[in-house]
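Observations on the three-dimensional arrangement
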Amino acid sequence: MRIVPQHKHQKLILQCYPPGKIPDKKPNPSELSYLLYYASTRRIKLVKVVDFLAAKTKRDVKGGKTGNLQVTLGIISALIEKCNDNLNAFAAQVVSILSSILSVKELPLCKSLVSTYGVLCSKLDGGLFTGDKSFVESFTQFTEHFINTGVSQSNGSPTNKSEWRLVALSTSKHVFNCLGFNSRLSQKFISLCVPLLAQTVLSNSSQSNLLTRLNSNLNVDGDEKFHILNRVVTARTAQQAKAIEERLESDSVSDEDLNEEALAGLRVLFNTSLSTQISEATNTVVEFNFKNSSQTEVDDWGTTFLEMCASWIPVQLRFIALSTLLHRLSALSEKTDSNTKNYNVLVHTAKSVLGLVSSNFNMIGLSISDVIQQLLTLQTNLYLSLADYLSSDQVKQLSKIYSECVCNLSSHIYYYDQVQDSIEGILMQVDSVMLHVESSKISRVHDLVAVLLDNISKVMNLLTRKSSSITRNEATLENWDLGLQLLTLEKSYEDFASEASAEQKSSLESKFLQVFSEFLKIEFLKEGAKDSPRASSPKAGYTEENVSTEGPERFLTPDYNEYISHPQNFLNNILVHSNEYLSAPSSPSVTKSLLKTLQTLLSVTGINFVHNFIPMFSHWQLLGGAASPVEIEKDKFAYSLLKSSVEVLNEKYATQLKRDITKSTLWEAITQDLDERRASVSDGSISGSLTNRVSQQMIYDFFETTPLSEYINPQKSVSLDLSQIHHSHDGRDNKLAKTDNNSDHFQDSRDRHGSSATNTNGHAHGLGSANDISSIHSGLAQSPTKINGTVDTQTSLNSNNSYNLQQTNYRYSLLPKVSELKNTVSGQVPDARFSFQQDSSTPRSVLNKHSASKDMNTILRSLSTEEDNDIVV
């Protein structure tokens with residue numbers, strides 16, 4: 001029966017429908033324009049128009065009038081575009097209309113339905129999703145039904161499989177625009193849509209194709225003309241979307257179209273500022289990759305796929321994806337027991353982390369120290385807890401992945417002091433593990449410490465092969481202060497030493513010396529590096545003119561970092577630890593390694609090492625009479641190091657000395673004494689008597705005749721008490737200035753030396769140059785003030801089953817965290833939980849510490865660098 005219009009809005013609506021029963025109809029343009037004007041003038045008119053359209057749609061569905069339904073969809077799309085300010089007033093009715101049309105399940109209608117649904121999703125805001133539960137329910141049911149219809153029709157229909165698949169993919173892409181309005185909606189459709197999109201990409205893109213796309217994304221990110229290229233990419237994407245729509249209309253959709261639409265949907269999902277959405281999407285992608293890992297080549301496809309998804313995340317929020325995976329790893333580790341081993345999923349997730357940290361794209365805002373600490377905690381937990389349930393091969397395999405993560409992240413330079421922080425962070429973890437060892441896990445602790453030390457070695461070797469656009473500060477000797485205790489296990493780690501075998505102790509001593517010596521050669525002697533500043537010096541030997549204050553040659557500068565004027569410095573500390581080791585050496589091979597390491601250190605620091613070594617020489621020299629094998633070896637050790645000292649001084653300071661000191665009486669005496677000892681000592685005993693031609697006084701008298709005399713102090717005394725070093729080597733600044741009982745005992749590790757190469761007075765706070773500080777400020781200014789739903793990666797890491805560095809009572813402070821930098825810059829008071837033992841008088845960050853000195857002259861001297869001249873106050 002023909003409808004007789006009773007009201008003006010009904011008449012206007014009916015005039016939009018062309019006559020006839022053809023299935024492909026469109027609204028009459030002029031009548032539609034007038035209807036839109038009428039509906040937009042008053043809200044009540046708009047509601048009446050949509051109510052009438054809803055009633056008409058139900059009648060047309062029952063009558064099978066698909067042509068009229070096409071017109072209705074066109075009218076609805078136009079109304080949403082024109083009246084989007086009042087969309088909340090008729091959105092529920094729109095969803096009802098779309099649901100009625102979907103029930104027909106005809107492909108031509110579903111094609112138009114996708115377009116109308118896309119317009120609706122693009123115009124919705126959060127009002128309805130937070131205040132109208134009935135709308136949220138109806139919208140969710142319709143969207144889920146729409147996606148499932150496309151999938152089921154694609155799987156069951158003999159024809160138009162690709163077209164139905166594209167309907168489901170496009171619907172998924174559109175609903176992603178609404179995920180931020182409701183958390184339940186986000187969880188539901190991410191879990192529903194991501195596998196659908198990912199499976200489409202898996203079926204149509206090889207790993208090499210994904211890698212090509214990823215590299216293309218990164219090239220755009222890194223280009224100086226980013227904004228221009230971004231507009232070009234956006235325009236190209238819009239053209240592709242339009243071309244796909246045209247092929248959908250003509251029923252000529254290809255597999256490439258499906259692949260492009262799936263990738264476009266994933267781009268919409270990940271290109272968001274919502275941290276919860278990024279976290280959920282990342283987890284879902286990793287779960288999909290794990291379930292389908294048997295279809296890919298050794299996880300390569302899944303890793304590249306995850307990297308590509310992460311590359312669409314805004315650069316300042318990419319760290320959320322990494323934090324999500326670390327939280328996932330921690331949770332899986334906690335759930336691992338004899339019944340649930342989780343090994344395969346642990347390995348897969350760890351490889352996903354490795355893919356992110358080893359990729360070429362940057363993650364602005366990433367706290368390197370935090371992430372490295374979490375990785376070290378996972379690695380520690382693996383050896384000391386998960387090893388109860390996993391085989392030794394599984395532990396080694398998973399540990400290898402963790403090590404690769406640490407090394408790749410440490411060698412991907414984000415800020416100047418990153419390498420220093422990485423070394424200290426690893427050594428802090430070693431200290432924590434050794435201090436809290438359990439007698440039943442001695443072997444595991446031994447293996448773990450060896451792996452942690454090996455991490456440092458891998459970092460340094462990676463740095464020689466990788467280039468970075470950010471200039472980094474070289475690591476310093478003070479970064480290794482904490483590691484020296486591995487030379488004196490019997491006193492530094494009594495619990496470990498009492499239970500470990502001689503082989504295990506000597507193995508750790510040897511490993512430490514190997515890694516430290518390798519560090520010296522790579523960082524300061526530039527062995528294996530692409531270029532060598534030392535080799536490019538304009539003159540041979542040390543002079544004030546040719547020693548670069550920015551390069552490793554600065555260590556040759558007399559009294560660099562107060563290695564001469566301050567009685568307790570790193571060079572003195574390592575010699576004191578060496579003395580303790582030589583009093584009870586573990587093996588000849590370790591002793592030989594120690595000598596080579598000290599000789600390398602001598603070559604790096606020159607006169608600074610000699611100044612600290614000469615007083616120690618008299619303690620090691622055998623003065624005659626009966627002697628134990630240990631004393632004999634210590635004597636030979638001292639002479640070998642003394643001979644090397646003269647050789648190094650002769651080479652490095654040739655210009656100052658102006659003569660060859662290897663032809664001096666001192667050199668002759670050293671050579672004769674050493675030859676005599678080699679000839680007289682056999683089977684650990686002395687045959688005959690020894691003549692000591694070399695004495696400490698002779699050494700001082702000799703250097704008194706050279707230009708180096710001012711750096712050789714005959715009044716210098718040596719304290720062999722290790723306990724003084726252990727309790728105070730973290731606070732050299734406190735030794736330089738008197739402090740009261742409330743002074744900051746737990747200082748930042750970088751307080752012991754200036755970050756600037758030229759500021760070596762020991763008073764600097766180690767915050768880097770003016771460029772460092774300006775970089776921090778600019779990064780904070782561009783970062784969001786609040787991220788909803790930020791993942792708390794520490795919650796799981798701090799559980800009882802984890803061996804976390806932050807749970808232990810340290811003798812040394814932790815490194816500053818990004819959150820503390822932000823709080824400090826914004827003027828917020830540090831939280832008490834950052835203090836050791838809940839003691840607010842010992843702030844854990846260098847940013848919160850009190851100045852070591854209030855003397856104005858001292859403060860001014862610490863501001864004497866060229867970099868400070870650029871700071872505007």
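This is a predicted model, so every value here is computed, not measured.

The next point concerns the confidence of the model for the protein. Considering every residue of the protein, the mean pLDDT works out to 80; 75% of them sit at 70 or more. Mean pLDDT values over the elements of the protein span from 37, in helix 33 (residues 732-736), up to 96, in helix 26 (residues 588-605). Confidence over residues 220-232 falls short of pLDDT 50; this stretch has 7 contacts with residues more than four positions distant or in other chains.

With respect to the secondary-structure elements, L32 resides in helix 2 (residues 29-41). Residues L32 and C16, 16 residues apart in the sequence, show an inter-C-alpha distance of 5.7 Å.

Turning our attention to the environment of S250. By the element assignment, S250 lies in the loop between helix 12 (226-249) and helix 13 (255-270). Residues S250 and E163 lie 87 residues apart in sequence; the distance between their C-alpha atoms is 9.7 Å.

We now examine the pattern of salt bridges. Proximity of charged atoms lets side chains of opposite charge pair with each other. Following the criterion strictly, the structure yields 19 salt bridges and no others. The residue D257 makes a salt bridge to R247 at a minimum N-O spacing of 2.7 Å. Taken together, the residues span a long stretch of sequence, with D257 in helix 13 and R247 in helix 12 at a distance of 10 residues. You can call D257 buried: its relative accessible area is 3%. E490 is the partner of K505 in a salt bridge, and the nearest nitrogen-oxygen pair spans 2.7 Å.

With respect to the secondary-structure elements, R318 resides in the loop between helix 15 (300-311) and helix 16 (319-335). Note on R318: relative accessible area 3%, which makes it buried. Within the structure, the side chain of R318 is placed 3.0 Å from the backbone oxygen of S311, a separation counted as a polar contact.

The end-to-end C-alpha distance of helix 30 (residues 665-680) is 22 Å, a good match for the 22 Å that 16 residues give at a rise of 1.5 Å each. Here helix 30 has its buried residues at L666, W667, A669, I670, D673, L674, E676, R677 and S680.

Orientation of helix 15 relative to helix 17 (residues 343-357), taken along the N-to-C sense of each, is 50°, at an axis distance of 9 Å. With respect to their mutual orientation, helix 15 and helix 17 come out oblique. Regarding helix 15 and helix 17, the two cross each other, and that crossing is right-handed. Facing helix 15, whose interface residues are T303, L306, E307 and A310, helix 17 presents K351, S352, G355 and L356. Grouping the amino acids of the contact of helix 15 with helix 17 by side-chain chemistry returns 3 nonpolar, 3 polar and 2 charged.

Together, D24, E245, E246 and E249 line one region of the surface with negative charge. Given the relative accessible area of 57%, D24 is considered exposed.

Before going further, it helps to spend a moment on the side chain of S640. Within the secondary structure layout, S640 lies in helix 28 (residues 629-652). Overall, S640 belongs to the buried group, its relative accessible area being 16%. Setting aside residues no more than four positions away along its own chain, S640 makes contact with L595, Q599 and L674.

A word on unusual backbone geometry. Of note, the phi angle at N160 is positive, near 55°, even though the residue is not glycine. Under the relative-accessibility criterion, N160 is labelled partly exposed at 28%. At D559, a position not held by glycine, the phi torsion is positive, near 65°. For D559, the location among the structural elements is in the loop between helix 24 (502-523) and helix 25 (570-583). Relative accessible area serves as the criterion here: at 28%, D559 is assigned to the partly exposed category.

What follows is about helix 3 (residues 43-63). Between its first and last C-alpha, helix 3 extends 31 Å over 21 residues, near the 30 Å set by a 1.5 Å rise per residue. By the burial criterion, the buried members of helix 3 are L46, V49, V50, F52, L53, A54, K56, T57 and D60. On its buried face, helix 3 sits against helix 1 (8-14), helix 2, helix 4 (66-82) and helix 5 (87-102).

Following the criterion strictly, the structure yields 26 aromatic pairs and no others. Ring geometry for F129 against F135: centres 5.5 Å apart, planes inclined by 75°, an arrangement best described as edge-to-face. Put simply, the rings of W480, F512, F516, F519, F524, F555, Y560, Y563 and F570 pair up and form one aromatic cluster. Lying over the aromatic face of Y17, K56 brings its terminal NZ or CZ to 4.4 Å of the ring centre.

In this section: the packing of helix 18 (residues 368-384) against helix 20 (residues 418-435). Interhelical geometry of helix 18 versus helix 20 gives an angle of 30° and a closest axis separation of 10 Å. With respect to each other, helix 18 and helix 20 are oriented roughly parallel. The chirality of how helix 18 crosses helix 20 is right-handed. Across from I368, S369, I372, Q373, L376, T377 and T380 in helix 18, the residues of helix 20 making contact are Q418, D421, S422, G425, I426, Q429 and V433. Of the residues that constitute the contact of helix 18 with helix 20, the class distribution is 5 nonpolar, 8 polar and 1 charged.

Rules behind the numbers
- Residues numbered from 1 in each chain as written.
- Predicted model: local features only at pLDDT ≥ 70, side-chain atom pairs only at ≥ 80, totals over all residues.
- Heavy atoms only, no water.
- pLDDT = per-residue confidence, 0-100.
- Helix = DSSP H or I, 4+ residues; strand = E, 2+ residues; numbered from the N terminus.
- Contact = heavy atoms within 4.5 Å.
- Salt bridge = Lys/Arg side-chain N within 4 Å of Asp/Glu carboxyl O.
- Buried < 20%, exposed > 50% of the residue type's maximum accessible area, 1.4 Å probe, protein only.
- Polar contact = N/O pair within 3.5 Å; in protein donor to acceptor, adjacent residues only side chain to side chain.
- Expected span 1.5 Å × (residues − 1).
- Axes fitted to C-alpha atoms, helices over the stretch in contact; angles between N-to-C directions.
- Parallel < 35°, antiparallel > 145°, perpendicular 65-115°, else oblique.
- Left-handed = near helix turned anticlockwise from the far one by under 90°.
- Nonpolar A, V, L, I, M, F, W, Y, C, P; charged D, E, K, R; others polar.
- Patch = residues over 30% accessible without salt bridge, like charges linked within 9 Å, V, L, I, M, F, W, Y side chains within 5 Å.
- Areas by Shrake-Rupley, 256 points an atom, 1.4 Å probe, with all protein chains shown as cover.
- Lys, Arg positive; Asp, Glu negative; His and termini not counted.
- Charge placed at Lys NZ, Arg CZ, Asp CG, Glu CD.
- Phe/Tyr/Trp six-rings, centres within 6.5 Å; stacked < 30°, edge-to-face > 60°.
- Lys NZ or Arg CZ within 6 Å of the ring centre and 35° of its normal.

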